[in-house]
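# Observations on the model geometry
Each chain, written out:
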Amino acid sequence: MSTARDPRPLTGEPLALDLLNTRWNREGVIQDLLADTDGLAVWLAGNGLAGDHPAGAEVLRHLRTARDAVKAAVDGSPREAAPLVDAVLEHGRIRARLTAAGPAEEPEFADPAWGPAWLAARSYLDLLTRAPERIRTCAGGGCVLYFLDTSRNGTRRWCSMAACGNRAKASRHYARSKEN
């Protein structure tokens, strides 16, 4: 298990969006946490998946496939991206059970290497069910991050007010001061 710190500027989003946020812009250069299995180990640990899914090359390949599918759905037409997302979802299913605590649902995978990818694709479906209009791309210039807008009035524009929001405000302030 990796003890490396997650270098990404935005974490803690729902699993599908957190997977998209494994690519980010740092000073004009796109970074990719999923460039290798060390980064995969960081992502799995950060999402509580490390114990069930070892950070191997097969898991990494499947997770990249899921990231591309979810990105196509979020950025483009869900209708055109549906076959890509469905291709990931074909590798798992939800099993309904009755437990001592009551009804339960748990994911099952024919190949456990598809587990994290399937869970991320399933997370995207959950977001579409709950609040598709709240899935956002950061409005910060050059930022490539995604977030679920949980603000009361649904007007959040930036991945982070501390980073992209402040840059945008500072840029507007600078532009106004140049006019005077």
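Heads up: the structure comes first, above all this text.
Everything quoted here is computed from the prediction, not taken from an experiment. (Residues numbered from 1 in each chain as written. Predicted model: local features only at pLDDT ≥ 70, side-chain atom pairs only at ≥ 80, totals over all residues. Heavy atoms only, no water.)

On a plain count of helices and strands, the chain comes out with six helices and six strands. Overall, the chain shows an N-to-C arrangement of helices and strands of α-β-β-α-α-α-β-β-α-β-β-α. Among the 180 residues that make up the chain, the fraction classed as buried is 37%. For the chain, restricting intrachain contacts to residue pairs at least 6 apart in sequence, the fraction spanning at least 24 positions comes to 47%. Only carbon and sulfur atoms are counted for the fraction: they give 51% of the accessible area of the chain, which is about 10,400 Å². (Helix = DSSP H or I, 4+ residues; strand = E, 2+ residues; numbered from the N terminus. Buried < 20%, exposed > 50% of the residue type's maximum accessible area, 1.4 Å probe, protein only. Contact = heavy atoms within 4.5 Å. Areas by Shrake-Rupley, 256 points an atom, 1.4 Å probe, with all protein chains shown as cover.)

Trp43 and Cys159 are the most contacted members of the largest nonpolar core, which has 43 residues in total. For this core, the secondary-structure elements that each account for two or more residues are helix 1 (15–20), helix 2 (37–46), helix 3 (57–75), helix 4 (78–89), helix 5 (115–130) and strand 6 (146–148). Counting residues per element, this core draws most heavily on helix 3, at seven residues. If sequence neighbours within four positions are ignored, Cys159 has contacts with Leu10, Cys138, Cys143, Leu145, Phe147 and Cys164. (Core = buried A, V, L, I, M, F, W, Y, C linked by side-chain atoms within 4.5 Å.)

Right, let's get into the environment of Arg8. With respect to the helices and strands, Arg8 occurs in the segment before helix 1. Exposure remark for Arg8: the relative accessible area of 7% places this residue in the buried category. A C-alpha to C-alpha distance of 9.1 Å links Arg8 and Asp32, two positions 24 residues apart in sequence. A polar contact of 2.8 Å, which involves the side chain of Arg8, links it to the side chain of Asp6. (Polar contact = N/O pair within 3.5 Å; in protein donor to acceptor, adjacent residues only side chain to side chain.)

Using the criterion set out here, one finds zero disulfides in the structure. Looking at Cys138, it has no disulfide partner, and the nearest cysteine sulfur is the one in Cys143, 3.7 Å off. With a relative accessible area of 7%, Cys138 lands in the buried category. Between Cys164, a free cysteine, and Cys138, which holds the nearest cysteine sulfur, the sulfur-to-sulfur gap is 3.7 Å. (Disulfide = S-S within 2.5 Å.)

Before going further, it helps to examine the packing of helix 2 against helix 3. Remark: helix 2 packs on helix 3, axes separated minimally by 10 Å, with the N-to-C direction vectors making an angle of 70 degrees. It follows from the interaxial angle that helix 2 and helix 3 lie roughly perpendicular. On helix 3, the residues touching Thr37, Leu40 and Trp43 of helix 2 are Ala57, Val59, Leu60 and Leu63. Considered class by class, the residues forming the contact of helix 2 with helix 3 number six nonpolar, one polar and no charged. (Axes fitted to C-alpha atoms, helices over the stretch in contact; angles between N-to-C directions. Parallel < 35°, antiparallel > 145°, perpendicular 65-115°, else oblique. Nonpolar A, V, L, I, M, F, W, Y, C, P; charged D, E, K, R; others polar.)

According to the stated counting rule, one finds 13 salt bridges in the structure shown. Linking Arg93 and Glu108 is a salt bridge whose minimum nitrogen-to-oxygen distance equals 2.5 Å. Placement of the pair is Arg93 in strand 3 (residues 92–99) and Glu108 in strand 4 (residues 102–109), with a sequence separation of 15 residues. Classification of Glu108 by relative accessible area gives partly exposed; the value is 24%. (Salt bridge = Lys/Arg side-chain N within 4 Å of Asp/Glu carboxyl O.)

Bringing helix 3 into the picture now. Given a rise of 1.5 Å per residue, 19 residues ought to cover 27 Å, and the 27 Å separating the end C-alpha atoms of helix 3 matches this to within 8%. Of all the positions in helix 3, only Val59, Leu60, His62, Leu63, Ala66, Arg67, Ala69, Val70 and Ala73 are classed as buried. Taken together, the buried residues of helix 3 touch helix 1, strand 1 (23–26), strand 2 (29–32), helix 2, helix 4 and helix 5. (Expected span 1.5 Å × (residues − 1).)

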